[in-house]
Amino acid sequence: MLRTSDYDYPLPDDLIARHPLARREDSRMMVLHRDGERIEHRMFREFPTFLREGDLVVLNDTRVIPARVFADGGRIELLFLESTEENVWKCLVKPGRKMRIGATVQVKGVTGVVREILPDGERVIAFDGPVDLDAAGELPLPPYFARAVEPADAERYQTVFARERGAVAAPTAGLHFTPEILAQVPHAFVTLHVGVGTFRPVQVDDLTEHRMHAERFRIGEESARAINAAQRLVAIGTTTARVLESQGLPVAACESSTDIFIHPPYRPRAVGALLTNFHLPKSTLLMLVSAMAGREFVMRAYTEAIAERYRFYSYGDCMLIL
């Protein structure tokens, strides 16, 4: 059996990076060489030196929306996940007992009615007008930050190339890039709007029983041409890897969704190298990384990262798998 518990590890609380570094490019970068299972300790600003001729760096240009909203009166918290039609949203709500079918909620004077409760608890809420999230909401920081949103997050919890609105979490491997480093590398963009599944742990011990949430993605014509012409694709982040692996090569320009769950013994079809952050224990992201480099090698690398006091999670350091 493929066990979720095989992807558990103990992490000291003080290694969770709850704030960004002063400069994006100053993150440390652990380099995993799959050939020979060798580990190097480098800095992210050295990333361009690991590229070779014919490489294409593929990044996710999704932009995090201010999706966390407290309803008028402050008693209901909503996380706006996806607009399914005009003025109709899928939302997570707290507390759920107050939001049964037919219940109403107001956001900046706009009234919403719970139309449906989905099997996983999400509410489909129809509003009587547009909800201005920029006015009503705040960035939905990961729960492990254990702090309120601060002014710096408005810039630092977005990549410098974020442009397509729709994510409820940042594609965090991209947070290390500066405009100057991006300009040094051949690159193309895809868009995957990171969904609520990012926050949800795997709750079954047989990981093959876990079902991923579908997330919307887009590959444009120009990006598809560049991806298909590349000799090696260097995916920036697990979200980019999921887009590329759900398509395989050659890719086609498209708008679609994917619920691909990548875990060992899966072997990558499209991604030749991966830059990623350090992920939560027993998470689907850690399982994806293990499919790229092998579970034992990855778990050994995590043990070494803890010993070397790397910074973990969204605002933390990164890992380059070659």
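See above for the structure.
Since the structure is predicted, the reported quantities are computational estimates derived from the model, not experimental observations. (Residues numbered from 1 in each chain as written. Predicted model: local features only at pLDDT ≥ 70, side-chain atom pairs only at ≥ 80, totals over all residues. Heavy atoms only, no water.)

### Thoughts on the pairing of strand β3 (residues 55-60)
This is how it is decided: Residue burial is assigned from relative accessible area. The probe radius is 1.4 Å, only protein chains are included, and a residue is buried under 20% of its type maximum, exposed over 50%, and partly exposed in between. Numbering of helices and strands runs from the N terminus, with a helix taken as a DSSP run of H or I at least four residues long and a strand as a DSSP run of E at least two residues long. Here, any two strands with at least 2 DSSP bridges between them count as paired.
The element β3 is largely enclosed, with a buried count of 6 among its 6 residues. What you see with β3 is no split at all: D55, V57 and L59 on one side and L56, V58 and N60 on the other are buried throughout. Both β3 and strand β15 (residues 232-236) contribute to a ladder of 4 bridges, which runs parallel. The residue bridging V57 from the neighbouring strand is V234, located in β15. Pairing analysis gives 4 bridges linking β3 to strand β13 (residues 187-192), with the strands arranged parallel. Residue pairing for β13: V58 is matched across the bridge by A188.

### What about the packing of aromatic side chains?
Inclusion rule: Under the pairing criterion, centres of Phe, Tyr and Trp rings, with the six-membered ring standing for Trp, must be within 6.5 Å; the plane angle then separates stacked pairs below 30 degrees from edge-to-face pairs above 60, leaving the rest tilted. By the criterion adopted, a ring carries a charge over it if an Arg CZ or a Lys NZ lies within 6 Å of its centre and within 35 degrees of its normal.
Here the structure, examined in full by the defined rule, presents 19 aromatic pairs. With a centroid separation of 5.6 Å and 15 degrees between ring planes, the pair formed by F44 and F47 is classed as stacked. Both residues of the pair, F44 and F47, count as buried. Arranged with centres 5.0 Å apart and planes meeting at 40 degrees, the rings of F278 and F312 form a pair that is tilted. Here F278 is found in the loop between β17 (271-277) and α6 (284-293), whereas its partner F312 is found in the loop between α7 (295-307) and β18 (318-321), with 34 residues between them in sequence. On the basis of relative accessible area, F312 is assigned to the buried category, the value being 0%. Among the aromatic residues, ring-to-ring pairing joins Y9, Y144, F145, Y157, F278, Y302, Y310, F312, Y313 and Y315 into one connected group. The lysine or arginine in question, R28, covers the ring of Y310, its NZ or CZ lying 4.0 Å from the ring centre.

Don't take any of this as a statement about function, it's just geometry.
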